[in-house]
Amino acid sequence: MAADEPLVLGIETSCDETGVGIVRGTTLLADAVASSVDTHARFGGVVPEIASRAHLEAMVPTIERALKEAGVSARDLDGIAVTSGPGLAGALLVGVSAAKAYAYALDKPLYGVNHLASHICVDQLEHGPLPEPTMALLVSGGHSSLLLAPDITADVRPLGATIDDAAGEAFDKIARVLDLGFPGGPVIDRLAKEGDPKSIAFPRGLTGPRDAPYDFSFSGLKTSVARWIEAKRAAGEEVPVRDVAASFQEAVVDVLTRKAVRACKDEGVDHLMIGGGVAANSRLRALAQERCERAGIRLRVPRPKLCTDNGAMVAALGAEMVARNRRPSDLELSADSSLPVTEPHVPGKHQHAHDHVHEISKDNLYS
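All of these numbers come straight from a predicted model, not from anything done at the bench.

## A look at the sheet that holds strand S1 (residues 7-12)
To summarise the sheet geometry, strands pair through backbone hydrogen bonds and adopt either a parallel or an antiparallel arrangement.
Stage number 1. Taken in spatial order, the six strands line up as S3-S2-S1-S4-S5-S11 in an open sheet, and their pairing is mixed. Of all strands in the sheet, those bounded by a partner on one side alone are strand S3 (27-35) and strand S11 (345-346).
Stage number 2. Helix H12 (residues 311-323) contacts S1, strand S2 (17-24), S3, strand S4 (79-85), strand S5 (110-114) and S11 of the sheet and is inclined by roughly 135 degrees relative to S1.

## Topic: the confidence of the model for the chain
Stage number 1. With 94% of its residues at a pLDDT of at least 70, the chain reaches an overall mean of 93.
Stage number 2. Confidence over residues 353-367 falls short of pLDDT 50; this stretch has 38 contacts with residues more than four positions distant or in other chains.

## Observations concerning the packing of helix H6 (residues 167-177) against helix H7 (residues 184-192)
A pair of packed helices is captured by two measures, namely the crossing angle of their axes and the spacing between those axes.
Stage number 1. Close contact between H6 and H7 brings their axes to 8 Å; oriented N to C, the two are set at 70 degrees. It follows from the interaxial angle that H6 and H7 lie roughly perpendicular. Here Phe171, Asp172, Ile174 and Ala175 of H6 come into contact with H7, specifically with Gly184, Gly185 and Ile188.
Stage number 2. In terms of residue class, the contact of H6 with H7 is built from four nonpolar, two polar and one charged.

## Here we look at the pairing of S3
Stage number 1. With eight bridges joining them, S2 and S3 adopt antiparallel strand pairing. Across the sheet, the residue bridging to Gly19 is Val33, located in S3.
Stage number 2. Counting the residues between successive antiparallel strands, the hairpin from S2 to S3 contains two residues, one of them, Gly25, with a positive phi of roughly 65 degrees.

## So, the pattern of salt bridges
Stage number 1. Counted according to the given criterion, the structure contains 19 salt bridges.
Stage number 2. A salt bridge links Arg303 to Glu126; its shortest N-O distance comes to 3.1 Å. Highlighted residues: Arg303 in the loop between strand S10 (298-300) and helix H11 (304-307) and Glu126 in helix H5 (residues 124-127), separated in sequence by 177 residues.
Stage number 3. We classify Arg303 as partly exposed; its relative accessible area is 36%.
Stage number 4. Overall, the relative accessible area of 30% leaves Glu126 in the partly exposed class.
Stage number 5. The residue Lys173 makes a salt bridge to Asp165 at a minimum N-O spacing of 3.5 Å.
Stage number 6. Take Asp165: its relative accessible area is 8%, and that puts it in the buried class.
Stage number 7. Here the salt bridges do not stand alone but share partners, grouping Glu132, Asp151, Glu320, Arg324 and Arg326 into one network.

## Some points on helix H2 (residues 48-70)
Stage number 1. Taking the largest bend as the criterion, H2 deviates by roughly 45 degrees, centred on Ala58, and proline Pro61 comes between one and four positions later.
Stage number 2. Here the buried face of H2 lies against S1, S2, S3, helix H1 (37-41) and helix H3 (89-106).
Stage number 3. Of the residues one or two after H2, Gly71 is the one with positive phi, at around 70 degrees.

## Some thoughts on helix H10 (residues 282-295)
Stage number 1. For H10, which comprises 14 residues, the first-to-last C-alpha distance of 20 Å matches the rise-based estimate of 20 Å (1.5 Å per residue) to within 8%.
Stage number 2. The complete set of buried residues in H10 reads Leu284, Leu287, Ala288, Arg291 and Cys292. Relative to the axis of H10, the buried residues are bounded by an arc of 130 degrees and lie together on one face. Exposed positions of H10 whose direction lies more than 90 degrees from the buried face are Glu293 and Arg294.
Stage number 3. For H10, the elements touching its buried residues are strand S6 (134-139), helix H9 (241-267), strand S9 (271-275) and S10.
Stage number 4. In this structure Asn281 caps H10, since a side-chain oxygen of it lies 3.0 Å from the backbone nitrogen of Arg283.
Stage number 5. Downstream of H10 by a residue or two, Gly296 has a phi angle that is positive, lying close to 75 degrees.

## Focus on the packing of aromatic side chains
Stage number 1. In total, this model carries three aromatic pairs according to the counting rule given.
Stage number 2. Centre to centre, the rings of Phe171 and Phe248 are 5.0 Å apart; their planes meet at 70 degrees, and the pair counts as edge-to-face. With Phe171 in helix H6 and Phe248 in helix H9, the pair connects residues that are 77 residues apart, well separated along the chain.
Stage number 3. Ring centres 6.4 Å apart and planes at 85 degrees place the aromatic pair Phe202 and Trp228 in the edge-to-face group. Taken together, the positions of Phe202 in the loop between H7 and helix H8 (219-234) and Trp228 in helix H8 put the pair 26 residues apart, joining distant regions of the chain.
Stage number 4. When the ring centre of Phe216 is taken as reference, the NZ or CZ atom of Lys259 above it lies at 5.8 Å.

## As for the pairing of S9
Remember that side chains alternate between the two faces of the sheet whenever the strand is regular.
Stage number 1. For S9, the buried fraction is high: five of the five residues fall into the buried class.
Stage number 2. Neither face of S9 is left uncovered, since the one carrying His271, Met273 and Gly275 and the one carrying Leu272 and Ile274 both have all their residues buried.
Stage number 3. Where S6 meets S9, three bridges bridge the pair, whose relative direction is parallel. Bridge assignment links Leu137 to a residue of S9, and that residue is Ile274.
Stage number 4. Pairing between S9 and S10: three bridges, direction parallel. The residue of S10 that forms the bridge with Met273 is Arg300.
Stage number 5. Crossover handedness for the path S9 to H10 to S10: right-handed.

Conventions we followed
Residues numbered from 1 in each chain as written. Predicted model: local features only at pLDDT ≥ 70, side-chain atom pairs only at ≥ 80, totals over all residues. Heavy atoms only, no water. Pairing = 2+ DSSP bridges. Helix = DSSP H or I, 4+ residues; strand = E, 2+ residues; numbered from the N terminus. Contact = heavy atoms within 4.5 Å. Axes fitted to C-alpha atoms, helices over the stretch in contact; angles between N-to-C directions. pLDDT = per-residue confidence, 0-100. Parallel < 35°, antiparallel > 145°, perpendicular 65-115°, else oblique. Nonpolar A, V, L, I, M, F, W, Y, C, P; charged D, E, K, R; others polar. Salt bridge = Lys/Arg side-chain N within 4 Å of Asp/Glu carboxyl O. Buried < 20%, exposed > 50% of the residue type's maximum accessible area, 1.4 Å probe, protein only. Bend = angle between axes of the 7 residues up to and from the residue. Expected span 1.5 Å × (residues − 1). Arc of directions from axis to C-beta. Polar contact = N/O pair within 3.5 Å; in protein donor to acceptor, adjacent residues only side chain to side chain. Phe/Tyr/Trp six-rings, centres within 6.5 Å; stacked < 30°, edge-to-face > 60°. Lys NZ or Arg CZ within 6 Å of the ring centre and 35° of its normal. Right-handed = clockwise from strand over helix to strand, strands pointing away.

Structure follows, in structure tokens:
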């Protein structure tokens, strides 16, 4: 870690996690998270209005906790990054508003960055600089995407995405059918370890010879599992929860890893990065490692805590923006719930006087 590397604070509020991270270059200094997931559990999913209110209440304490953990002052920062999209509009607005307020008060450059690109960039904190290009499989409650990123700060290309339910969404819905609560991913992962993944032959969506090679579909799988469970219950039979969990999980990770490895081969990329909340799934990690090794592909997966939504990933991308002298955002930056992944960040309309870390004044309005 060099003292002249950019020191950046990142704010993430795209869903139900209030995340604040601080990095210097590619070194993680603080990763503070305040989650409202327990509040949403009784509703069986995230309630946008509740998430927004929780972000409002948690924002300042979480920022203060991150600064204390990193051992730095807000005046020391070289930039502030924030998720400007995609995500829940109200939740994003809280984070963007906070970032703009801090950037204005401290006279620091502001970087509105893309949530998906941040999930890719966070791997730099674990395994060092990203290869160029980077092949990334992002799987979460809202996204299932295959992305090729020649330059994480300026050039991210979508190769495929889900056409219906995202992988994480399917986990939550099947957990609900099995009365396992919310969120569904962790409990299904745990129960699946005690079940037989070959006991039930659930379908693999979009894997036919004429199907889109890199797109995903989990809606049919979700319906198939739900009907199988309903038929068992209607017949008065006990549902083998562990076998259902294992077989369902295997169907999901089989498709994800198969298509990701194929994309690497087709594009001539010798490595694969997996990110997003579902990347914490133990079976996905194991099968991806097995298939990547067989194909001669290097697998990069951050530790589970960095796979779920967090401020560290936003700070990591922000630091890369500063290091590569990308144009900061304007204070007119807005939240964009449908920000395309082809826009890793939202540059301002005009060149700023303090675009580069070495040119940033340490003075602020409170001096």
